[in-house]
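# A closer look at the structure
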Amino acid sequence: MKRLLLLSVLLSVLVSCSGRKQVEKAINTGNYNQAIYDALKKLETNKNSKRKQDYAIMLQDAYYKANERDLNNIKHLKKDNNPELYTNIYELYLALNARQEAVKPVLPLVVDGKTINFKFNDYTNDIIEAREFASDYLYEKGLALLETEDKYNIREAYSIYQYIEKINPNYEDTRALMQEAHERGIHYVIVTIQNQTNQVIPKRLENELLNFDTYGLDQFWTAYHANPSNEIDYDFAMQLQLKRINITPEKITERQLLREKQIVDGWKYQLDSNGNVMKDSLGNDIKIDKIVTVKARLFEVLQRKSSQVVANVVYTDLKSNTTLDAFPIDSGFVFENLFATFRGDKRALTREDLDLVNNRRVPFPSNEQMVYDTGEDLKLQLKNIISDFNN
């Protein structure tokens, strides 16, 4: 018991040493915020215990070093008098305020009977001033981007106004400008299907392939239209070119399997060498399981039919009338139905055999149905191509 207690204490000391080294390393490498986070985690419980005093001292050290660095950075940024830097100044003031708010819950901290000192400042006015400067500058920058017709510039304007909305909600007409930027920054894609197979494509498959609401795509900056609008100047065209449809003949494969099993089939009396019924210690007749061998022949039948659609997805830039990329698609669907019949003793069959016996022969799907069923895999591949292309 004493050895277990000693080992527990030793383990606790080792963990504590490891934690201290981790915080010390963070401070020595200038990663002050990480040091503060790690020290605060250690001080969440028993903060004034003797073994936690090192963490309190390191917390104070990291806190002042982090504040000093941030305040010096703010001083240098303000000296540059560059409007581009207003956002950095604002973020640094937020960091200063967040840091002291994180430290406050563990105070007071006592080391060797003395309360260690943490200085706090009211950064409210600094934060508000920096936020206003940043918002005003970014607002004008966004307006300049919106004056262009370049959709990527317009998307950048959206990101700018989105940031303003986060730090300064409802600043001037930011929300309206975000809406404008989103509408103008969208790439519009006209989608068509070209059947080059000399075979009839099920109309419902064509409708589903062109129904992009069912694809589950989150395309914030791209809109796909199967029915073009005269009011929209389309940027790109995406054409699904169906090249070839292959459908195998209906095929039935049969095989026979012999099943044999030993099972318990009732009971019988256990006899001695003289043919007499044996007795147990209480004088009762001894009964034993009657083991018999049962056999059955399983006739397994596999119905199989498969379809394949080979296609290309071609992207065209309508502004320059050039092909941007082409992606091959090889989509397939397999219909299979496995069932079985048997002759002999049903008890010889396995559980899997019994499941097959309960199955039945079903009609083969038509060629049209096979092509339609291939559409699920076709949609999945088309979705992946769209996602990759837009990334």
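Provided above is the structure to which this section pertains.
Residues numbered from 1 in each chain as written. Predicted model: local features only at pLDDT ≥ 70, side-chain atom pairs only at ≥ 80, totals over all residues. Heavy atoms only, no water.

## Digging into the overall build of the chain
Cut-off, in case you're wondering: Strands here mean DSSP runs of E at least two residues long; helices mean DSSP runs of H or I at least four residues long; both are numbered from the N terminus. Within these notes, the globule rule equals 2.2 Å times the number of residues to the 0.38 power, and the radius of gyration is based on C-alpha atoms. Partly exposed describes any residue whose relative accessible area lies between the buried limit of under 20% and the exposed limit of over 50%, with all areas from a 1.4 Å probe on protein chains only and scaled to the type maximum. Residue contacts are defined here by distance: any two heavy atoms, one from each residue, within 4.5 Å place the two residues in contact. Methods summary: accessible areas were calculated by the Shrake-Rupley approach with a probe of 1.4 Å, and residue burial reflects only the protein chains presented. The sign given to each residue is positive for Lys and Arg and negative for Asp and Glu; His and the chain ends receive no count. Taken as the charge centre is NZ of Lys, CZ of Arg, CG of Asp or CD of Glu, depending on the residue.
Looking only at helices and strands, one finds 10 helices and eight strands in the chain. Taken over C-alpha atoms, the radius of gyration comes to 38 Å for the chain, far larger than the 21 Å a tight globule of 391 residues would show. Burial status across the chain gives 37% buried among its 391 residues. Sequence-distant contacts in the chain: of pairs separated by 6 or more residues, those separated by 24 or more amount to 74%. Accessible area for the chain stands at about 24,100 Å²; split by element, carbon and sulfur atoms hold 49% of it. Computed over 52 positive and 56 negative side-chain charges, the separation of the two mean positions in the chain equals 12 Å.

## With respect to a nonpolar patch on the surface
We apply this condition: Only residues whose relative accessible area exceeds 30% and that form no salt bridge enter a patch; like-charged residues are grouped when within 9 Å of one another, and nonpolar side chains (Val, Leu, Ile, Met, Phe, Trp, Tyr) when within 5 Å. Salt bridge criterion: a side-chain nitrogen from Lys or Arg within 4 Å of a carboxyl oxygen from Asp or Glu.
A cluster of nonpolar side chains, W267, Y269, L271 and V277, forms an exposed patch at the surface whose accessible area comes to about 380 Å². Note on placement: W267 falls in strand β6 (residues 251-269). With a relative accessible area of 46%, W267 lands in the partly exposed category.

## Thoughts on the pattern of salt bridges
Overall, the coordinates contain 22 salt bridges when judged by the stated rule. In this structure, the salt-bridge partner of D54 is R20, at a minimum N-O distance of 3.5 Å. Here R20 lies in helix α1 (residues 2-28) and D54 lies in helix α3 (residues 53-80), a separation of 34 residues in the sequence. On the accessibility criterion, D54 (37% relative accessible area) is partly exposed. A salt bridge links D233 to K319; its shortest N-O distance comes to 2.6 Å. Note that D233 is positioned in the loop between β4 (222-225) and β5 (236-247) and K319 in the loop between β7 (287-317) and β8 (322-344), a separation of 86 residues in sequence.

## Observations concerning a negative patch on the surface
Together, D136, E140, E172 and D173 make up a negatively charged patch on the protein surface. Inspection of the secondary structure assignment puts E172 in the loop between α6 (151-167) and α7 (174-185).

## What to know about the packing of aromatic side chains
Inclusion rule: Aromatic rings from Phe, Tyr and Trp, with only the six-membered ring used for Trp, were paired whenever their centres fell within 6.5 Å, and each pair was classed as stacked if the ring planes differed by under 30 degrees, edge-to-face if by over 60, and tilted otherwise. Only Lys NZ and Arg CZ are tested; either one counts as a charge over a ring when it is within 6 Å of the ring centre and within 35 degrees of the ring normal.
If you walk through the whole model with that rule in mind, you get 14 aromatic pairs. Summarising the aromatic geometry, the rings of Y63 and F118 are spaced 5.3 Å apart at their centres and angled 70° between planes, so their arrangement reads as edge-to-face. In this pair, Y63 sits in helix α3 while F118 sits in the loop between β2 (114-115) and α5 (124-146), placing the two residues 55 residues apart along the sequence. Residue Y63 is classed as buried on the basis of its relative accessible area of 0%. Residue classification places F118 among the buried residues on the basis of a relative accessible area of 8%. Aromatic pair Y93 and Y123: ring centres 6.1 Å apart, planes at 45°, arrangement tilted. One end of the pair, Y93, is in helix α4 (residues 86-103); the other, Y123, is in the loop between β2 and α5, with 30 residues separating them in the sequence. Relative accessible area serves as the criterion here: at 7%, Y93 is assigned to the buried category. A cation over an aromatic ring shows up here: K104 above the ring of F120, its NZ or CZ 5.3 Å from the ring centre. Over the aromatic face of W267 sits the side chain of K287, whose NZ or CZ is 4.2 Å from the ring centroid.

## Some details on the pairing of strand β3 (residues 187-195)
Using the following cut-off: Two strands are counted as paired when DSSP detects at least two bridges linking them.
Pairing between β3 and β4: four bridges, direction parallel. When the sheet's bridge partners are listed, V189 is paired in β4 with Y224. Across seven bridges, the pairing between β3 and β5 is parallel. Across the sheet, the residue bridging to I193 is L240, located in β5.

## Details of the packing of α6 against α7
So the rule is basically this: Here an angle of 0 to 180 degrees is reported between the N-to-C directions of two axes, which are lines fitted to C-alpha atoms, with helices fitted over the stretch in contact. Relative orientations are named as follows: roughly parallel for angles under 35 degrees, roughly antiparallel for angles over 145 degrees, roughly perpendicular for angles from 65 to 115 degrees, and oblique for any other angle. When the near helix sits turned anticlockwise from the far one by under a right angle, the crossing is termed left-handed; a clockwise turn instead gives a right-handed crossing. Polarity classes work like this: nonpolar for Ala, Val, Leu, Ile, Met, Phe, Trp, Tyr, Cys and Pro, charged for Asp, Glu, Lys and Arg, and polar for all others, with Gly in that last group.
Contact geometry for α6 and α7: axes closest at 8 Å, N-to-C directions at 155°. As far as their axial angle goes, α7 and α6 are roughly antiparallel. The element α6 and its partner α7 pack so that their crossing is left-handed. Packed against α6, whose contacting residues are K151, I154, R155, Y158, Y161, Q162, I164 and E165, the element α7 presents T174, R175, L177, M178, A181, H182, R184 and G185 at the interface. Grouping the amino acids of the contact of α6 with α7 by side-chain chemistry returns seven nonpolar, four polar and five charged.

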